[in-house]
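Secondary and tertiary structure notes
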Amino acid sequence: MSTITTTDGTEIFYKDWGTGQPIVFSHGWPLSSDDWDAQLMFFLQHGYRVVAHDRRGHGRSTQTSDGHDMDHYADDLAALTAHLDLREAIHVGHSTGGGEVVHYIARHGEERVARAVLISAVPPIMVQTESNPGGLPRSVFDDIQTQVATRRSQFYRDLPSTAFYGFNREGVEPVEAIIQNWWRQGMMGGAKAHYDGVVAFSQTDFTEDLTKITVPALVMHGDDDQVVPYADSGPLSAELLQNGTLKTYAGFPHGMPTTQADTINADLLEWLRS
C-alpha cells in the first residue's frame, strides 16, 4: 500500500494513478477514497493524474485517537501534496471533503493549487448559530454522534438507503450495491474518528477560509440535498469565494457524484477545459 507518515505518526493511505495535471480528491464522511472510483477512472482516462487519500481514521489510514479536526485534515492533505510534489493541482472535495479542501487552501496557500471544486460541500457552516440562523440545529448532529457511538453498523446501512442518495424519494429505485458499498467504506474506518468528525464537519466555520481563496472555484450542489441543505451551503459559498461559480442541479441528492456520475464528471471536465 502507498502511505505517508505525518509528523504525529499517522499513516495516510493514498492512490496516485497516471500522469498529467493532478486532480486531488477529498472524500466525504465517513467514507474513503474508494467513494471516488467513478471520478478516478473517468479523469484518468482523460489524461489527468488522479490522487485520492483516506482521511485519518477512515478507510486504510491509521485509526488515531486524536486529530479528527479540520486543522489536522488540512495539514495531512498538505503533507500528501508536498510528498508527491504536486503542482498546479485541482482540488475536488465532496461534503466534508469540501471543507477539507477549503481549509487546506486557506491554511497552506495557493502555491500548489490551480483550481478548487466543492461538491455537495459543508461550507460555509452547517450548524445553526446566531450568525447562521438557516443552519441545522445542534441536536441533529448530537443524534448522529449517538448513532455512531451506539449502533454504527445499522446507521451506516440506513443513511445510504434513504437521504444520502435520495433513495427515499418517490420514484427513485434504491441500488443495493451502492448502499452496501457505502456501508463497507464506513465500517472500514474507526468509530472514534467518525464520532469526532461529526463536530469537525458540522461546527467548523469556513466563512473566512472561503474569502481567502482566489483561484477559480466551482461549487456544484443539488437542490434536493437532504444531508447538506442547498440554501445554506452552495449559494453562500459561491458568494464568499473571490472567483466562484455556482452550478445547481435540480433534484440531485447529496451523493450525486455516485448516482449522477455521468453528469457530474462531464460538467466538471467541461469546466476544467474552459
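None of the values given here were measured: they were computed from a predicted structure. (Residues numbered from 1 in each chain as written. Predicted model: local features only at pLDDT ≥ 70, side-chain atom pairs only at ≥ 80, totals over all residues. Heavy atoms only, no water.)

**Quick notes on the overall build of the protein**
Our working rule: Helix and strand definitions follow DSSP, with helices as H or I runs of at least four residues and strands as E runs of at least two, each counted in order from the N terminus. In this analysis, two residues are considered to be in contact whenever any of their non-hydrogen atoms come within 4.5 Å of each other. The charge count includes Lys and Arg as positive and Asp and Glu as negative, but it does not include His or the ends of the chains. Working definition for charges: the position is that of NZ of Lys, CZ of Arg, CG of Asp or CD of Glu.
Helix and strand content of the protein: 10 helices and eight strands. Here the C-alpha coordinates of the protein stretch approximately 40 × 40 × 40 Å along the principal axes. Long-range pairs, those at least 24 residues apart, make up 76% of the contacts in the protein between residues at least 6 apart in sequence. Taking the average location of the 19 positive side-chain charges in the protein and that of its 36 negative ones, the two points are 4 Å from each other.

**Digging into helix H1 (residues 37-45)**
What counts, and what does not: Relative accessibility under 20% of the residue-type maximum defines a buried residue, over 50% an exposed one, and the middle range a partly exposed one, all with a 1.4 Å probe and only protein chains included.
Looking only at H1, the buried set comprises Gln 39, Leu 40, Phe 42 and Phe 43. Where the residues of H1 are buried, they touch strand S2 (11-17), strand S3 (22-26), strand S4 (49-53), helix H9 (256-259) and helix H10 (261-273). Note on H1: the residue one or two positions beyond its end, Gly 47, has a positive phi of about 90 degrees.

**Some words on the sheet that holds strand S8 (residues 244-249)**
This is how it is decided: A pair of strands is considered paired only if DSSP assigns at least 2 bridges between the two. Angles here are taken between N-to-C directions and fall from 0 to 180 degrees, while the axes themselves are lines fitted to C-alpha atoms, restricted in helices to the stretch in contact.
Strands sit in the order S1-S2-S4-S3-S5-S6-S7-S8 across an open sheet of eight strands; the sheet is mixed. On the outer flanks of this sheet lie strand S1 (3-5) and S8, each paired with one strand and no other. Looking at each pair of strands side by side, their axes are set apart by 20 degrees on average, direction ignored. Inspection of the sheet shows S1 paired to S2 by three bridges, in the antiparallel sense. Along S2, the bridge assignment pairs Thr 3 with Phe 13.

**Let's talk about the pattern of salt bridges**
Put simply, the test is: Criterion for a salt bridge: a side-chain nitrogen of Lys or Arg within 4 Å of a carboxyl oxygen of Asp or Glu.
Taken as a whole and judged by the stated rule, the model has 20 salt bridges. Here Arg 138 makes a salt bridge to Asp 142, at a shortest N to O gap of 3.3 Å. Remark: Asp 142 and Arg 138 occur in helix H4 (residues 138-161); sequence separation between them is four residues, near one turn of the helix. When the shortest N-O distance is used, the salt bridge between Arg 157 and Glu 176 registers 2.6 Å. Of the two residues, Arg 157 sits in helix H4 while Glu 176 sits in helix H5 (residues 176-188), which places them 19 residues apart along the sequence.

**A few points about empty space enclosed by the protein**
Selection rule: Using a 1 Å grid laid over the protein atoms alone, points where a 1.4 Å probe fits but cannot get out form a cavity; open sets with protein on both sides within 12 Å along at least 5 of 7 lines form a pocket; any residue with an atom within 4 Å of a point counts as lining. Grid points are joined across faces, edges and corners, and a volume is the space filled by probe spheres set on the points. Each residue is assigned to one of three groups, with Ala, Val, Leu, Ile, Met, Phe, Trp, Tyr, Cys and Pro labelled nonpolar, Asp, Glu, Lys and Arg labelled charged, and all others, Gly among them, labelled polar.
Counted under the stated rule, the structure contains one cavity of 30 Å³ or more. Looking at the largest cavity, its volume works out to about 60 Å³. Around the largest cavity sit Val 122, Ile 125, Met 126, Gly 134, Gly 135, Leu 136, Val 228, Pro 229, Asp 232 and Ser 233, which together line it. For the lining of the largest cavity, the residue count by class is six nonpolar, three polar and one charged.

**Things to note about the pairing of S4**
The buried fraction of S4 amounts to five of the five residues, a majority that puts the element mostly inside the structure. Burial along S4 is two-sided: the face carrying Arg 49, Val 51 and His 53 and the face carrying Val 50 and Ala 52 are both buried.

**Considering the packing of aromatic side chains**
Using the following cut-off: Centre distance within 6.5 Å is the pairing criterion for rings of Phe, Tyr and Trp, where only the six-membered ring of Trp is used; planes under 30 degrees apart are then read as stacked, over 60 as edge-to-face, and the remainder as tilted. In this scheme, Lys NZ or Arg CZ marks a charge over a ring once it lies within 6 Å of the ring centre and within 35 degrees of the ring normal.
By the definition in use, this model includes 13 aromatic pairs. Here Tyr 156 and Trp 182 contribute two aromatic rings whose centre-to-centre distance is 5.5 Å and whose plane-to-plane angle is 80 degrees, an arrangement assigned as edge-to-face. In this pair, Tyr 156 is assigned in helix H4 and Trp 182 in helix H5, connecting sequence segments 26 residues apart. With respect to burial, Tyr 156 and Trp 182 carry one shared label: buried. For the ring pair Phe 164 and Trp 182, a centre distance of 5.4 Å and an interplane angle of 70 degrees mean the geometry is edge-to-face. In this pair, Phe 164 is assigned in the loop between H4 and H5 and Trp 182 in helix H5, connecting sequence segments 18 residues apart. Of the two residues, Phe 164 and Trp 182, both sit in the buried class. The aromatic ring of Tyr 73 is capped on one face by Arg 55, whose charged end is 5.2 Å from the ring centroid. Across from the ring centre of Trp 271, 4.6 Å away, lies the NZ or CZ of Arg 115, which sits over that ring.

**Some words on the packing of H1 against H10**
Our working rule: Working rule for angles: under 35 degrees goes down as roughly parallel, over 145 as roughly antiparallel, 65 to 115 as roughly perpendicular, anything else as oblique. Crossings are sorted by hand: turned counterclockwise from the far helix by less than a right angle, the near helix makes the crossing left-handed, and turned clockwise it makes it right-handed.
Two elements in contact, H1 and H10, have axes separated by 10 Å at closest approach and are oriented at 45 degrees. Taken together, H1 and H10 sit at an angle that is classed as oblique. Viewed along their axes, H1 and H10 form a crossing whose handedness is right-handed. Residue-level contacts link Ala 38, Gln 39, Phe 42 and Phe 43 of H1 to Ala 261, Asn 265, Ala 266, Leu 268, Leu 269 and Leu 272 of H10. A breakdown of the residues in the contact of H1 with H10 according to their chemical character gives eight nonpolar, two polar and no charged.

**Overview of the pairing of strand S6 (residues 113-119)**
So the rule is basically this: For a crossover, the right-handed case is the one in which the path from the first strand over the helix to the second runs clockwise, viewed with the strands pointing away from the viewer.
The buried count for S6 comes to seven of seven residues, which makes it a mostly enclosed element. Once the chain exits strand S5 (residues 89-94) it traverses helix H3 (residues 96-108) before rejoining the sheet at S6, and the crossover so formed is right-handed. In this sheet, strand S7 (residues 217-222) lies alongside S6 in parallel orientation, the contact comprising four bridges. Bridge pairing links Leu 118 to Val 219 in S7.

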